[in-house]
Amino acid sequence: MTRAARPPGELLLYGATGFSGRLIAQRACALGLSPILAGRDAARLGGLARELGCEARAVGLEDAARLAATLDGVAVLLNAAGPFTATTAPLVEACLAAGVHYLDISGEVPALAALARRHAQAAACGVMILPAVGFVVLPSDCLAAHVARRLPGATALTIAVSRTDALSRGSRRTILEQWGSIVAVRRNGVLTSVPIGTRERRVDFGRGARPTAAVSWGDVVTAFHTTGIPNIETYLEVSPAERALFRFNQQLSAIGGQAALRPLLGLPAALLGEGPSAQQRAGGSRVIVAEASDADGCTVRARLRTPEAYGFTALTAVAVAQRVLRGEQR
């Protein structure tokens, strides 16, 4: 079918050649969606498109006119290209102009906060903006909604996620770019921050209490809109070495030497492969714990085990895209 003859209502996947993007593309094709594959690198896109039997559209984010033309015949854009602080704005602008619904797999607090501020504009355009439809933050948001329903009037929410060593190169790059001296939290309904390394908890992920440290996780944005709970913190299970690194980073920031550490931390990531192998991912899982409490000291806690994060992201992102393509958006 030629482009001109294509029916409207297709899915375009931006960032298709990245680690998560490729998994999403494979999942979509396995379900018969045949998404349009998009991104910057025409050669890599062409190879993946031939492999999967899909159309490829190469376009950078700096060319607004070409980006708008790329959305011809598209009903839903799914953004898998991070860091999302760099990719969301131009893609959302194009979606608003073209009347295309926007999805992404971001978990980055600044990107999610910026998108939340565009709700009224998107609604006026008849466009839905729905970020974070992958492992971050779809399962934790569902768990947050669950504990909030069990404890009406909850005033505080904490979400903790078990650790993993299986990170893609893109995930590591995003983490390094967000590396800083502060951690995002929500206090009395307002996004604010605390120094890195100053908030720790012990959390039972199903194998006894484990140390966790506060991190900037997307739920400090999304869970507030889902639950209305005004005080939210997010934690990640840490090894002794990681815990020490958080504390060291806090000391460095106090003396102004933190910026010099970031390039050194990036060296190991640059030497690693693109992401965990299929064999590594096959037996993997993650655990999320959500705890809500109220002013009277009542506490409700729930625990959720998910498959490995990258495969889970492919499953959920495609499932959400299918629902939006069927017109189930709000």
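Residues numbered from 1 in each chain as written. Predicted model: local features only at pLDDT ≥ 70, side-chain atom pairs only at ≥ 80, totals over all residues. Heavy atoms only, no water.

### Some thoughts on the overall build of the protein
Moving on, step 1. On a plain count of helices and strands, the protein comes out with 13 helices and 14 strands.
Moving on, step 2. Long-range pairs, those at least 24 residues apart, make up 68% of the contacts in the protein with a sequence separation of at least 6. (Helix = DSSP H or I, 4+ residues; strand = E, 2+ residues; numbered from the N terminus. Contact = heavy atoms within 4.5 Å.)

### Describing the pairing of strand 7 (residues 156-161)
Moving on, step 1. Summarising burial for strand 7: five of the six residues are buried, a large majority.
Moving on, step 2. Pairing analysis gives six bridges linking strand 7 to strand 12 (residues 231-237), with the strands arranged parallel. In the sheet register, T158 faces strand 12, and the bridge partner there is E233. (Buried < 20%, exposed > 50% of the residue type's maximum accessible area, 1.4 Å probe, protein only. Pairing = 2+ DSSP bridges.)

### What to know about the packing of helix 4 (residues 84-98) against helix 5 (residues 109-116)
Moving on, step 1. Contact geometry of helix 4 with helix 5 gives a least axis separation of 8 Å together with a crossing angle of 25°. Comparing the axis directions of helix 4 and helix 5 gives the class roughly parallel. Seen from above, helix 4 lies across helix 5 with right-handed handedness. Contacts between helix 4 and helix 5 pair F84, T85, T88 and V92 from the former with P110, A111 and L115 from the latter.
Moving on, step 2. Split by residue class, the contact of helix 4 with helix 5 holds five nonpolar, two polar and no charged. (Axes fitted to C-alpha atoms, helices over the stretch in contact; angles between N-to-C directions. Parallel < 35°, antiparallel > 145°, perpendicular 65-115°, else oblique. Left-handed = near helix turned anticlockwise from the far one by under 90°. Nonpolar A, V, L, I, M, F, W, Y, C, P; charged D, E, K, R; others polar.)

### Points about the pattern of salt bridges
Moving on, step 1. Applying the stated rule across the entire model yields 13 salt bridges.
Moving on, step 2. Here R187 ties to E233 by a salt bridge, and the two come within 2.5 Å at their closest N and O atoms. Of this pair, R187 sits in strand 8 (residues 182-187) while E233 sits in strand 12; the two residues are 46 residues apart in sequence, bridging distant segments of the chain.
Moving on, step 3. Between R210 and E237 there is a salt bridge whose closest N-O contact spans 3.2 Å. Here R210, found in strand 11 (residues 209-214), pairs with E237, found in strand 12; they are 27 residues apart in sequence, far enough to count as distant.
Moving on, step 4. Connected through shared salt-bridge partners, R187, R199 and E233 make up one network. (Salt bridge = Lys/Arg side-chain N within 4 Å of Asp/Glu carboxyl O.)

### Overview of helix 2 (residues 42-52)
The α-helix winds at 3.6 residues per turn, so residues separated by three or four positions along the chain end up facing the same way.
Moving on, step 1. Listed in full, the buried residues belonging to helix 2 are L45, G46, L48 and A49.
Moving on, step 2. Buried residues belonging to helix 2 abut helix 1 (19-30), strand 2 (36-39) and strand 3 (56-58).
Moving on, step 3. One side-chain oxygen of the residue at the start of helix 2 lies 3.1 Å from the amide nitrogen of A43, identifying that residue as D41.
Moving on, step 4. Immediately downstream of helix 2, the backbone of G53 shows phi near 75°, a positive value. (Polar contact = N/O pair within 3.5 Å; in protein donor to acceptor, adjacent residues only side chain to side chain.)

### So, the side chain of T313
Moving on, step 1. Turning to its location among the elements, T313 is positioned in helix 13 (residues 309-325).
Moving on, step 2. Take T313: its relative accessible area is 9%, and that puts it in the buried class.
Moving on, step 3. At 2.9 Å, the side chain of T313 forms a polar contact with the backbone nitrogen of F135.
Moving on, step 4. What T313 contacts, discounting residues up to four positions off in sequence, is I24, I105, G134 and F135.

### Quick look at the side chain of H101
Moving on, step 1. Summarising the element assignment, H101 is placed in strand 5 (residues 101-104).
Moving on, step 2. Once you skip the residues sitting within four places of it in the chain, H101 turns out to touch A75, V76, L77, C95, G126, V127, M128, V324 and Q329.

### Let's talk about the sheet that holds strand 2
Moving on, step 1. Strand order in the open sheet formed by six strands is 3-2-1-4-5-6, and the pairing between neighbours is parallel. Strands at the two margins of the open sheet, each flanked by one partner only, are strand 3 and strand 6 (129-130).
Moving on, step 2. Inspection of the sheet shows strand 4 (residues 74-79) paired to strand 5 by four bridges, in the parallel sense. Bridge pairing links N79 to D104 in strand 5.

### A word on the packing of helix 7 (residues 138-150) against helix 9 (residues 219-227)
Moving on, step 1. One way to put it is that helix 7 packs onto helix 9 with a least axis distance of 9 Å and a crossing angle of 40°. Here helix 9 runs oblique to helix 7, going by the angle between their axes. Crossing of helix 7 against helix 9: the hand is right-handed. Here helix 7 contributes S140, D141, A144, A145 and A148 to the contact with helix 9, which in turn contributes D219, T222, A223, T226 and T227.
Moving on, step 2. Looking at side-chain class alone, the contact of helix 7 with helix 9 contains four nonpolar, four polar and two charged residues.

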